[in-house]
Amino acid sequence: MLTSHLPSRNSAKTMTLRPMSSKLILPATTLTEDCYGFMFAGCSSLTAAPKLPAKKLAKSCYVCMFGECTSLAAAPELAAETLAEFCCDGMFMDCTSLTVAPKLPATTLAEFCYVSMFWGCTSLTVAPELPATQLAENCYNCMFFRIRHHTLFRTFLVHALN
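Residues numbered from 1 in each chain as written. Predicted model: local features only at pLDDT ≥ 70, side-chain atom pairs only at ≥ 80, totals over all residues. Heavy atoms only, no water.

A. Spatial organisation of the overall build of the protein chain. From N to C terminus, the protein chain includes one helix and zero strands. In the protein chain, once contacts between residues fewer than 6 apart in sequence are set aside, the share between residues at least 24 apart is 77%. When the accessible surface of the protein chain is summed, it comes to about 8,800 Å², and 57% of that surface belongs to carbon and sulfur atoms. (Helix = DSSP H or I, 4+ residues; strand = E, 2+ residues; numbered from the N terminus. Contact = heavy atoms within 4.5 Å. Areas by Shrake-Rupley, 256 points an atom, 1.4 Å probe, with all protein chains shown as cover.)

Printed below as a string of structure tokens:
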């Protein structure tokens, strides 16, 4: 269920979440700087994310977009093929219910593009394949910082040895 963090009109002291469509799509295919930054940050009742069809990302466009969405169990698919600096910085930071990372299809990366992307995702057990052949400075910096599961790192080792 996708929920909004819009307050009800009951009282200024109480915030009640109202359901939104579970088929929400953010339709933009080309994004601008900071456009979706912090959009759902702190929505602790968010359990499903909208579709993100954009193929070309802009600087910081998804920065902390789902940060601290502690009930988010499934990440949206990321169709992006063209990345920009800091585009996915902290995108899922502290999403403690997230168990499977989304596919990351981009093969040419930008500086700091995936920095801290899964920082603090303590339930993450399946890492994405990292198909990029052209790396950029700090592109994976702190990507999996504060991850506890050894199975995640076994996944990397298996891919590295094959």
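Moving on from the coordinates now.
B. Spatial organisation of the pattern of salt bridges. Evaluation of the coordinates by the stated rule reveals two salt bridges. With its nearest N and O atoms 3.4 Å apart, the salt bridge here joins Arg146 to Asp94. Here Arg146, found in the segment before helix H1 (150-161), pairs with Asp94, found in the segment before H1; they are 52 residues apart in sequence, far enough to count as distant. With relative accessibility at 16%, the residue Asp94 sits in the buried group. (Salt bridge = Lys/Arg side-chain N within 4 Å of Asp/Glu carboxyl O. Buried < 20%, exposed > 50% of the residue type's maximum accessible area, 1.4 Å probe, protein only.)

C. Looking closely at the nonpolar core. Residues Tyr62, Phe66 and Phe92 are the most contacted members of the largest nonpolar core, which totals 45 residues. Excluding anything up to four places from it in sequence, Tyr62 contacts Leu31, Tyr36, Leu52, Ala54, Leu57, Leu78, Cys87, Cys88, Asp89 and Met91. (Core = buried A, V, L, I, M, F, W, Y, C linked by side-chain atoms within 4.5 Å.)

D. Expanded view of the state of the cysteines. Here the structure, examined in full by the defined rule, presents zero disulfides. Of all cysteine sulfurs in the structure, the one in Cys95 sits closest to Cys64, which takes part in no disulfide; the separation is 9.6 Å. Here Cys69 is not disulfide-linked; the sulfur of Cys95 is the nearest cysteine sulfur, at 5.2 Å. For Cys69, a relative accessible area of 0% corresponds to the buried category. (Disulfide = S-S within 2.5 Å.)

E. Local environment of the confidence of the model for the protein chain. Looking at the protein chain as a whole, its pLDDT mean stands at 84, while 78% of the residues score no less than 70. Note that pLDDT drops below 50 for residues 1-17; the model gives that stretch 37 contacts with residues more than four away or on any other chain. (pLDDT = per-residue confidence, 0-100.)

F. Structural view of empty space enclosed by the protein. The full count for this structure, using the stated rule, is one cavity of 30 Å³ or more. Here the largest cavity is characterised by a volume of approximately 40 Å³. Along its surface, the largest cavity is lined by Leu57, Tyr62, Leu78, Ala80, Leu83, Cys88, Lys103, Leu104, Pro105 and Tyr114. Considered class by class, the residues forming the lining of the largest cavity number nine nonpolar, no polar and one charged. (1 Å grid on protein atoms, 1.4 Å probe; cavity = no way out; pocket = protein on both sides within 12 Å on 5 of 7 lines; lining within 4 Å. Points joined across faces, edges and corners; volume = space filled by probe spheres on them. Nonpolar A, V, L, I, M, F, W, Y, C, P; charged D, E, K, R; others polar.)

G. Expanded view of the environment of Met93. For Met93, the location among the structural elements is in the segment before H1. Overall, the relative accessible area of 22% leaves Met93 in the partly exposed class. Sequence-wise, Met93 and Ala41 are 52 residues apart; in three dimensions their C-alpha atoms are separated by 9.2 Å. Beyond its immediate sequence surroundings of up to four residues, Met93 is in contact with Phe66, Gly67, Glu68, Ser116, Met117 and Trp119.

H. A look at the packing of aromatic side chains. If you walk through the whole model with that rule in mind, you get eight aromatic pairs. Aromatic side chains Tyr36 and Tyr62 sit 6.2 Å apart centroid to centroid with 10° between the ring planes, which places their arrangement in the stacked category. Taken as a pair, Tyr36 in the segment before H1 and Tyr62 in the segment before H1 lie far apart in primary sequence, 26 residues in all. Both residues of the pair, Tyr36 and Tyr62, count as buried. Seen in terms of ring centroids, Phe86 and Phe112 are 4.8 Å apart; in terms of plane orientation they differ by 5°. Their pairing is stacked. Here Phe86, found in the segment before H1, pairs with Phe112, found in the segment before H1; they are 26 residues apart in sequence, far enough to count as distant. (Phe/Tyr/Trp six-rings, centres within 6.5 Å; stacked < 30°, edge-to-face > 60°.)

I. Structural context of unusual backbone geometry. One non-glycine residue, Ser60, lies in positive phi territory at about 60°. The topology assignment puts Ser60 in the segment before H1. Given a relative accessible area of 12%, Ser60 falls into the buried group. In this model, Phe112 sits at a positive phi of 60°, which is unusual for a non-glycine residue.

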